[in-house]
Amino acid sequence: MPNDHAPHASDSLHDLARKATHSPKLLTKEEVIRLAQHVLKGGEHATEEEKEIAKKATHNPEGVEAEQIVKLGERAQDNK
């Protein structure tokens, strides 16, 4: 019990990025938005295409294609 602790936010973001790259269609609407917000936060490293995908995802997460989610996941892994 003393070793039980809540997962660190960056750990869960890392898991989310990995899920996005390997199983993008399994992400929930909330997960897509969280991933997009993370990419936008680290925007100085994101390409214009990635920023556009992230903006689209925050407004319409269900309208984002699987390959676009993969790109966001790859960017999130690079931003760690």
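Scroll up to find the structure this text is about.
So, here is what we can say about the structure in this document. (Residues numbered from 1 in each chain as written. Predicted model: local features only at pLDDT ≥ 70, side-chain atom pairs only at ≥ 80, totals over all residues. Heavy atoms only, no water.)

Describing the pattern of salt bridges
The final tally for this structure, using the stated rule, is seven salt bridges. Its salt-bridge partner being Arg18, residue Asp15 comes within 2.3 Å of it at the nearest N-O pair. Placement of both Asp15 and Arg18 in helix H1 (residues 9-22) is noted, with a separation of three residues, approximately one turn of the helix. The exposure class of Asp15 is partly exposed, given its relative accessible area of 41%. The network of salt bridges with shared partners includes Glu50, Arg75 and Asp78. (Salt bridge = Lys/Arg side-chain N within 4 Å of Asp/Glu carboxyl O. Helix = DSSP H or I, 4+ residues; strand = E, 2+ residues; numbered from the N terminus. Buried < 20%, exposed > 50% of the residue type's maximum accessible area, 1.4 Å probe, protein only.)

Some remarks on helix H3 (residues 48-59)
Turn by turn, an α-helix covers 3.6 residues, leaving residues three or four places apart pointing in a common direction. For H3, with 12 residues, the first-to-last C-alpha span of 17 Å sits near the 16 Å given by 1.5 Å per residue. Within H3, the full set of buried residues consists of Glu50, Ile53, Ala54 and Ala57. End-on, the buried residues of H3 take up no more than an arc of 100 degrees, which puts them together on one face. Along H3, exposed side chains directed more than 90 degrees from the buried face belong to Glu48 and His59. On its buried side, H3 packs onto helix H2 (29-41) and helix H4 (66-78). (Expected span 1.5 Å × (residues − 1). Arc of directions from axis to C-beta. Contact = heavy atoms within 4.5 Å.)

Examining the packing of H3 against H4
At a closest axis distance of 10 Å, the pairing of H3 and H4 adopts a crossing angle of 115 degrees. Judged on the interaxial angle alone, H4 and H3 are roughly perpendicular. H3 and H4 meet at a crossing whose hand is left-handed. Contact residues: Glu49, Glu50, Ile53, Ala54, Lys56 and Ala57 in H3; Gln68, Lys71, Leu72 and Arg75 in H4. For the contact of H3 with H4, the residue count by class is four nonpolar, one polar and five charged. (Axes fitted to C-alpha atoms, helices over the stretch in contact; angles between N-to-C directions. Parallel < 35°, antiparallel > 145°, perpendicular 65-115°, else oblique. Left-handed = near helix turned anticlockwise from the far one by under 90°. Nonpolar A, V, L, I, M, F, W, Y, C, P; charged D, E, K, R; others polar.)

Some remarks on the nonpolar core
In this structure, Leu27, Leu35, Ala57, Ile69 and Leu72 are the most contacted members of the largest nonpolar core, which totals 17 residues. Contributing elements (two or more residues each) for this core: H1, H2, H3 and H4. Residues contacting Leu35, with those up to four places away along its chain left out, are Leu16, Ala17, Ala20, Leu27, Ile69, Leu72, Gly73 and Ala76. (Core = buried A, V, L, I, M, F, W, Y, C linked by side-chain atoms within 4.5 Å.)

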